[in-house]
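# Report on the structure
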Amino acid sequence: MELSAQQIANFLNGTIEGNPDITVSHFSKIEEGKPGALTFLANPKYEDFIYHTQASIVLVNNNFVPSAAISATLVKVPDSYVALAALLTLVEQSKSKKTGIGSTAFIAASATVGEDCYVGEMAYIGEQSVIGKHCFIYPHTCIGDRVTVGDHTIIYPHVTVYDDCVIGQNCIIHAGAVIGSDGFGFAPDNGSYRKIPQLGNVVLEDEVEVGANTTIDRAVMESTIVRRGVKLDNLIQVAHNVEIDSDTVVAAQAGIAGSTKIGKHCMIGGQAGLIGHIRIADQVQIAGQAGVMRNIDKPESIIGSPAIPVKDFFRSNILFNKLPEIYRTLNRLEKEVSELKKNNK
């Protein structure tokens, strides 16, 4: 797809500094830009690259003021990263889409598939399930009985959606994800463990994205709920009866234990772990590898294990690095006190 600087500026409501007729046909990182490529500058630490890049067009923020000459044409926008996302979406939508029902797909007689859907080879759609309009169900996907999938949702290969789960509109579920597997529920019984049947389901609201090989367990009763606009990275574990409120993002390898409630607009870093039955307020930021073992009742940034406020963590870390020196000083003082006691006898 070839676009001129003028077309890009018109699409993004941006302004041009340079040649409005120059065209691009692909994207690149700013440090690897070549003629015919479009790139962007969002992080100031990459500014040096803009003065040397060979890319033809660079998206920059409106407040960017160059400190040297730039050979590329600039398209100025309020937020270059958001603008890049909009352009990438435009290009993605221009690609040809798969259509039709694969000859080896199985769709139960009682299931309903909406208009203009794609169902790939070896996909399975169970009894009484309802697939909305304009959905993409890729090969080897298994959708159980009584599942509801909203319009314009994409489910990539080898996803498994268990019985009775609900998936909203405009969701994306990446390869290998499992939605609705049993929660980890076992009752101790005379030295062994009795399985607790998991009778609930999983509800993904609209515009949720689930990364590859992420698992979301069904509730014991009622629902595990992932609300509108939540974005889950790859390899995340969401346990039974968890609730994640709208527009929260969770990075790879995080684990959220059962019945924990997470607020809106939270950010949870990679490999963070949250114990069960706690509540996280709106707009909390949890750093990577943090271990959260208590309720977080107000917006704050936490780090470490057990997780504590970021400022406290760095103060503690300074003291931790000084422990060998403190230990030597303490030993010296103990010896001096001991000598003073001997001399005073």
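As shown above, the structure is provided for reference.
So, here's what we can say about the structure. (Residues numbered from 1 in each chain as written. Predicted model: local features only at pLDDT ≥ 70, side-chain atom pairs only at ≥ 80, totals over all residues. Heavy atoms only, no water.)

Moving on, we come to the overall build of the protein chain. If you tally the helices and strands in the protein chain, you get five helices and 40 strands. With the principal axes as the frame, the protein chain shows a C-alpha extent of 100 × 75 × 30 Å. Residues classed as buried in the protein chain amount to 40% of the 345 residues present. Within the protein chain, residue pairs in contact and separated by at least 24 positions form 17% of the contacts whose partners lie at least 6 positions apart. Total accessible area on the protein chain stands at roughly 18800 Å², and carbon and sulfur atoms take up 54% of it. The distance from the centre of the 29 positive side-chain charges to the centre of the 37 negative ones in the protein chain is 12 Å. (Helix = DSSP H or I, 4+ residues; strand = E, 2+ residues; numbered from the N terminus. Buried < 20%, exposed > 50% of the residue type's maximum accessible area, 1.4 Å probe, protein only. Contact = heavy atoms within 4.5 Å. Areas by Shrake-Rupley, 256 points an atom, 1.4 Å probe, with all protein chains shown as cover. Lys, Arg positive; Asp, Glu negative; His and termini not counted. Charge placed at Lys NZ, Arg CZ, Asp CG, Glu CD.)

Moving on, we come to the sheet that holds strand S19 (residues 166–167). Paired through their backbone hydrogen bonds, the strands of a sheet run either parallel or antiparallel. Read across the sheet, nine strands follow the order S10-S13-S16-S19-S24-S27-S30-S33-S36 without closing on themselves; strand pairing throughout is parallel. At either end of the open sheet lies a strand with only one pairing partner, and these are strand S10 (112–113) and strand S36 (279–280). Sheet analysis places strand S27 (residues 223–226) next to strand S30 (residues 243–244), joined by two bridges and oriented parallel. For Ile 225, the partnering residue across the bridge sits in S30 and is Glu 243. (Pairing = 2+ DSSP bridges.)

Okay, the pattern of salt bridges next. The full count for this structure, using the stated rule, is 13 salt bridges. Note that Arg 146 and Asp 163 form a salt bridge whose closest N and O atoms lie 3.9 Å from each other. On the criterion of sequence distance, the pair formed by Arg 146 in the loop between strand S15 (142–143) and strand S16 (148–149) and Asp 163 in the loop between strand S18 (160–161) and S19 is long-range, its members being 17 residues apart. Given the relative accessible area of 31%, Asp 163 is considered partly exposed. One salt bridge connects Glu 336 with Arg 332, and the closest N-O pair in it is separated by 3.1 Å. Linking Glu 336 with Arg 332, this pair stays in helix H5 (residues 323–343), spanning four residues, or about one helical turn. Connected via shared salt-bridge partners are Arg 146, Asp 163 and Asp 164. (Salt bridge = Lys/Arg side-chain N within 4 Å of Asp/Glu carboxyl O.)

Quick look at the side chain of Ser 4 now. Summarising the element assignment, Ser 4 is placed in strand S1 (residues 3–4). Note on Ser 4: relative accessible area 13%, which makes it buried. Sequence-distant contacts of Ser 4, that is, excluding residues within four places in its chain, are made with Pro 20, Asp 21, Ile 22, Thr 23 and Ile 57.

Now for the environment of Ile 286. On the secondary structure map, Ile 286 appears in strand S37 (residues 285–286). For Ile 286 and Ile 326, which are 40 residues apart along the polypeptide, the C-alpha to C-alpha distance reads 31 Å. With residues up to four places along the chain from it excluded, the contact list for Ile 286 reads Met 267, Ile 268, Gly 269, Ala 272, Leu 274, Ile 280, Val 292 and Ile 302.

Bringing the packing of aromatic side chains into the picture now. Per the stated rule, a full pass over the model turns up eight aromatic pairs. Here Tyr 118 and Phe 136 contribute two aromatic rings whose centre-to-centre distance is 6.5 Å and whose plane-to-plane angle is 50°, an arrangement assigned as tilted. Of this pair, Tyr 118 sits in strand S11 (residues 118–119) while Phe 136 is found in strand S14 (residues 136–137), placing the two residues 18 residues apart along the sequence. By the burial criterion, Tyr 118 is buried, and Phe 136 matches it. For the ring pair Tyr 138 and Tyr 156, a centre distance of 4.9 Å and an interplane angle of 25° mean the geometry is stacked. (Phe/Tyr/Trp six-rings, centres within 6.5 Å; stacked < 30°, edge-to-face > 60°.)

Bringing unusual backbone geometry into the picture now. The general pattern is negative phi for most residues beyond glycine and trans for most peptide bonds. Cis peptide bonds are those with omega within 30 degrees of zero, and the linkage from Ser 305 to Pro 306 qualifies with 0°. Its location among the elements puts Pro 306 in the loop between strand S39 (301–303) and strand S40 (308–309). Phi is positive for Arg 146, which is not a glycine, with a value near 55°. Here the phi dihedral of Gln 271 falls at roughly 65°; this positive angle occurs in a residue that is not glycine. In this fold, Gln 271 is placed in the loop between strand S34 (267–268) and strand S35 (273–274).

Looking at helix H1 (residues 5–12), one finds that the buried residues are Ala 5, Ile 8, Ala 9 and Leu 12. Viewed along the axis of H1, the buried residues span an arc of 100°, placing them on a single side of the element. Trailing H1 by a residue or two, Asn 13 shows a phi angle of about 55°, which is positive. (Arc of directions from axis to C-beta.)

Keep in mind these values describe shape, not function.
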